[in-house]
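# Report on the structure
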Protein chains: 2
Amino acid sequence: MGTRDGKILLTREDWIRAALGAIGEGGVNAVAVERLAKTLGASRGSFYWHFRDRADLIDAALELWARKNTAELVPELDAITDPVQRLRTLLRSVYEQPVDAVELTLSAASDDPVVAPVFARVTRQRIDFLHRIFTDLGLPPSQAAARAWLAYAFYIGHHQLGKNPEASELRPDRLDRVVELLTRGK
Amino acid sequence: MGTRDGKILLTREDWIRAALGAIGEGGVNAVAVERLAKTLGASRGSFYWHFRDRADLIDAALELWARKNTAELVPELDAITDPVQRLRTLLRSVYEQPVDAVELTLSAASDDPVVAPVFARVTRQRIDFLHRIFTDLGLPPSQAAARAWLAYAFYIGHHQLGKNPEASELRPDRLDRVVELLTRGK
DNA sequence: ACCTGAACACCGTTCAAGT
DNA sequence: ACCTGAACACCGTTCAAGT
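Analysis parameters
Residues numbered from 1 in each chain as written. Chains lettered and ligands numbered in written order. Predicted model: local features only at pLDDT ≥ 70, side-chain atom pairs only at ≥ 80, totals over all residues. Heavy atoms only, no water. Helix = DSSP H or I, 4+ residues; strand = E, 2+ residues; numbered from the N terminus. Buried < 20%, exposed > 50% of the residue type's maximum accessible area, 1.4 Å probe, protein only. Contact = heavy atoms within 4.5 Å. Lys, Arg positive; Asp, Glu negative; His and termini not counted. Charge placed at Lys NZ, Arg CZ, Asp CG, Glu CD. Axes fitted to C-alpha atoms, helices over the stretch in contact; angles between N-to-C directions. Parallel < 35°, antiparallel > 145°, perpendicular 65-115°, else oblique. Nonpolar A, V, L, I, M, F, W, Y, C, P; charged D, E, K, R; others polar. 1 Å grid on protein atoms, 1.4 Å probe; cavity = no way out; pocket = protein on both sides within 12 Å on 5 of 7 lines; lining within 4 Å. Points joined across faces, edges and corners; volume = space filled by probe spheres on them. Least-squares fit on C-alpha atoms with pLDDT ≥ 70 in both. Near = heavy atom within 4 Å. Polar contact = N/O pair within 3.5 Å; in protein donor to acceptor, adjacent residues only side chain to side chain.

For chain A, the helix and strand inventory stands at 10 helices and 2 strands. Helices and strands appear in chain A in the N-to-C order β-β-α-α-α-α-α-α-α-α-α-α. Dimensions of chain A, computed from C-alpha atoms along their principal axes, come out at roughly 70 × 35 × 25 Å. Residues classed as buried in chain A amount to 47% of the 186 residues present. Residue pairs in contact within chain A that sit at least 24 positions apart in sequence constitute 66% of those at least 6 positions apart. Each charge class in chain A can be summarised by its mean position, and for the 25 positive and 25 negative side chains these summaries are 1 Å apart.

Another point: the packing of helix α4 (residues 54-71) of chain B against helix α8 (residues 115-136) of chain B. All names here are of chain B. Running from amino to carboxyl end, α4 crosses α8 at an angle of 10°, the nearest separation of the two axes being 10 Å. Put simply, α4 runs roughly parallel to α8. Contacts between α4 and α8 involve D59, L62, E63, W65, A66, T70 and A71 on the former and, on the latter, V115, V118, R121, V122, Q125 and R126. For the contact of α4 with α8, the residue count by class is 7 nonpolar, 2 polar and 4 charged.

As a further point, take the environment of F51 of chain A. All names here are of chain A. Within the fold, F51 resides in the loop between α3 (44-50) and α4 (54-78). Look at F51 and you get buried, because its relative accessible area is 2%. The spatial distance from the C-alpha of F51 to the C-alpha of W15 is 9.3 Å, given a sequence separation of 36 residues. Once residues lying within four places of it in the same chain are set aside, the contact partners of F51 are R12, W15, I16, D56, L57 and A60.

The space that makes up the largest pocket amounts to roughly 950 Å³. In this structure, the largest pocket is lined by 35 residues; those nearest its centre are N29, A108 and A109 of chain A together with N29 and A108 of chain B. Of the residues belonging to the lining of the largest pocket, the class tally is 15 nonpolar, 10 polar and 10 charged.

Let's shift gears to the relation of the copies chain B and chain A. Mapping between the two copies of the chain is achieved by a rotation about an axis and a shift along the axis. Of the transformation superimposing chain B on chain A, the axial component is 0.0 Å and the angular component is 180°, with the fit at an RMSD of 0.0 Å. These values place the two chain copies in the arrangement generated by a two-fold rotation axis. Counting the interface residues of chain B, we find that 100% of their copies in chain A are interface residues as well, pointing to one common contact surface.

With that settled, consider the protein's contact with DNA strand C. Inspection of the region around DNA strand C gives 21 residues, with V33 and Y48 of chain A together with L10, S43 and H50 of chain B positioned closest. Among atoms of DNA strand C positioned within 4 Å of the protein, sugar and phosphate together represent 58%. V31 of chain A is positioned such that a nitrogen or oxygen atom in its backbone is 3.4 Å from a phosphate oxygen of DNA strand C. Contact between DNA strand C and V33 of chain A: a phosphate oxygen at 2.6 Å from a main-chain N or O atom of the residue. At the level of secondary structure, the elements contributing two or more residues to the surface near DNA strand C comprise α2 (33-40) and α3 of chain A together with α3 (44-50) of chain B. At 5 residues, α3 of chain B tops the list of elements feeding residues into the surface near DNA strand C. Of the residues belonging to the surface near DNA strand C, the class tally is 8 nonpolar, 5 polar and 8 charged.

To continue, consider the side chain of T70 of chain B. Residue and element names in this part refer to chain B. With respect to the helices and strands, T70 occurs in helix α4. Exposure remark for T70: the relative accessible area of 3% places this residue in the buried category. Excluding residues within four positions of it along the chain, T70 makes contact with W65, V122, Q125 and R126.

Here the focus is the protein's contact with DNA strand D. Surrounding DNA strand D, one finds 20 residues, the nearest of these being L10, S43 and H50 of chain A together with V33 and Y48 of chain B. Looking at DNA strand D alone, sugar and phosphate atoms form 57% of those within 4 Å of the protein. The backbone of L10 of chain A places a nitrogen or oxygen atom 2.7 Å from a phosphate oxygen of DNA strand D. With respect to DNA strand D, the side chain of H50 of chain A contributes an N or O atom lying 2.7 Å from a phosphate oxygen. For the surface near DNA strand D, the elements supplying multiple residues, two or more each, are α3 of chain A together with α2 (33-40) and α3 of chain B. The biggest single contributor to the surface near DNA strand D is α3 of chain A, with 5 residues. Broken down by class, the residue content of the surface near DNA strand D amounts to 8 nonpolar, 5 polar and 7 charged.

It is worth stressing that arrangement in space is one thing and function is another; only the former is reported here.
Right under this line is the structure:
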């Protein structure tokens, strides 16, 4: 944020930060160029100097989120050698409150043309991660693949269900049974 | 659809049908009063004779969907006596193409104030249904509850992942392993 | 009872003009 | 290089006026 003639100059990053805030609060639809401009004290026209269009802004915001969030988390978890413990640590974050608001938006809007490619990349990284857990447990690759898919679909569904207060009352209060089911057998 | 002076009169149902079509094609956001009015050959003002506002229309559309879809499906599946077969039949519908477009919208937008109550009701009915499957299998209630939750979260997550072509390439091609995992063990 | 048409506020995008 | 302000199209909602 530079200044000139006492006026504040905005950077691309200023807009991105504002967009991520809006996504967290109200989802992708809440990213309104006019509202952000008002918040940042600039005109709508100014926005179009920094970004091609609204989709460009959302794309940049999600890219930033994915880098900070997934790319940095996976190596950290991979450091845990016991695969069951690694799975438990991952799933525990699902049960944590509050769930990352951008994460929710991402999976809910995964068919949005802007969201889709980011979501696909994050998904691939995460399923790879789960697959490693199950092969480390000694499962053959095809079984590990089925189980990784089940675990990841569970992860996504759990998030979606958690958004709805009435639905989440129905969920079990302990993770243990879920972990046990996923890691048992063979 | 009556007529008067050669002019077509629209009913609430005409608007609801148009709204369900729009939801299926582009999600809840695609329900635009002006666009529907143009499609139906009426003015926007006319819409507000039949509905309080846009949310009222979406609500009515989802109610209709839930009645047709879930309330009629559950008794039909309950007729299958073997619980494993019942689960397999249910999960098979998840793997079927194409997945119901309204179903996708419903779980993706389950935090939307209009969608939330409908989603919560549908969720309760379905988890009850799954719970019955697992108690029929001989599991104690608390274990059946954990497993019903896992199965339903899987169901939702599977749908969400299926929206994304790249993500769904990673899913296993056979349901059998998933059914086996869910139904196995004491 | 049901609909039209104009009005207002909000938003995305473009662009000539300013510094 | 970065921004403003006006313009246009699209949309939700209201309401007086029509039949």
